[in-house]
Amino acid sequence: NDDLEAIESDLATLVPGVQAGLSEEGVTGCAAEMLADMEEKHAQCADSYNQEETAVLEDMAVRIVHYKCFMGMFKEACDTFIQTEYVQPLMESLYVAGRK
């Protein structure tokens, strides 16, 4: 799939510290939980749609939750990288400088 290759290519350009916080398993697990929650929360609506409409809605839901899960994981990975690579060293240098 060309989209998957483009995504993998883009992710490969990220610094290793950010890449380390991303995983396909994490996104998949998160998405499965979100889909289960959605199914439980909106089960009463299922009878309102025919089979074709349900398939379209399910496809959209899968895409949306995978996106949301990836973005949450990406934000967390970036936050962790910035914290460990920039904020902590800065704070440590200020603490050492303040003790002199």
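Attention here is on the structure that accompanies the text. (Residues numbered from 1 in each chain as written. Predicted model: local features only at pLDDT ≥ 70, side-chain atom pairs only at ≥ 80, totals over all residues. Heavy atoms only, no water.)

Next up on the list: the overall build of the chain. When its secondary structure is counted, the chain shows 4 helices and 0 strands. In the chain, the succession of helices and strands from N to C terminus is α-α-α-α. Scaling as 2.2 N^0.38, a compact globule of 100 residues should have a C-alpha radius of gyration of about 13 Å, whereas the chain reaches 20 Å, well beyond that. When its C-alpha atoms are laid out on the principal axes, the chain stretches across 70 × 35 × 15 Å. Burial analysis of the chain (100 residues in total) assigns 10% to the buried set. (Helix = DSSP H or I, 4+ residues; strand = E, 2+ residues; numbered from the N terminus. Rg over C-alpha atoms; globule rule 2.2 N^0.38 Å. Buried < 20%, exposed > 50% of the residue type's maximum accessible area, 1.4 Å probe, protein only.)

A separate point is the pattern of salt bridges. In total, this model carries 2 salt bridges according to the counting rule given. Here D79 and K75 are joined by a salt bridge, their closest N and O atoms 2.8 Å apart. In this pair, D79 and K75 are both assigned in helix α4 (residues 51-99), 4 residues apart and thus about one turn of the helix distant. When its relative accessible area of 40% is taken as the criterion, D79 is described as partly exposed. (Salt bridge = Lys/Arg side-chain N within 4 Å of Asp/Glu carboxyl O.)

In this section: the state of the cysteines. Considering all chains together, one arrives at 1 disulfide under this definition. A disulfide bridge connects C30 with C69, and the sulfur atoms are separated by 2.1 Å. Its S-S torsion of about -75 degrees marks the bond between C30 and C69 as left-handed, since a negative value means left-handed. Here C30 is found in helix α3 (residues 24-41), whereas its partner C69 is found in helix α4, with 39 residues between them in sequence. C30 sits in the partly exposed class, given a relative accessible area of 26%. A disulfide-free cysteine, C78 has its sulfur positioned 16 Å from the sulfur of C30, the nearest such atom. (Disulfide = S-S within 2.5 Å.)

Moving on: a negative patch on the surface. Side chains of D2, D3, E5, E8, E24 and E25 sit close together on the surface and give a patch of like negative charge. Going through the elements one at a time, α1 (2-12) and α3 are the ones with two or more residues in the negative patch. Note that E25 resides in helix α3. (Patch = residues over 30% accessible without salt bridge, like charges linked within 9 Å, V, L, I, M, F, W, Y side chains within 5 Å. Areas by Shrake-Rupley, 256 points an atom, 1.4 Å probe, with all protein chains shown as cover. Lys, Arg positive; Asp, Glu negative; His and termini not counted. Charge placed at Lys NZ, Arg CZ, Asp CG, Glu CD.)

Before going further, it helps to spend a moment on the packing of aromatic side chains. Two aromatic rings, taken as a pair, are described by how far apart their centres are and by the angle between their planes. Across all of its chains, the model carries 2 aromatic pairs by this definition. Taking the centre distance of 5.8 Å and the plane angle of 20 degrees together, the rings of F70 and F74 count as stacked. One end of the pair, F70, and the other, F74, are both in helix α4, 4 residues apart, so they sit about a helical turn from each other. Centre to centre, the rings of F81 and Y86 are 6.0 Å apart; their planes meet at 80 degrees, and the pair counts as edge-to-face. (Phe/Tyr/Trp six-rings, centres within 6.5 Å; stacked < 30°, edge-to-face > 60°.)

Let us now look at the nonpolar core. Within the largest apolar cluster, 9 residues are counted, these being V18, L22, V27, A31, V65, C69, M73, A77 and F81. Put simply, the parts of the chain that give this core at least two residues each are α3 and α4. (Core = buried A, V, L, I, M, F, W, Y, C linked by side-chain atoms within 4.5 Å.)

By themselves, these are just geometric observations and shouldn't be taken as functional.
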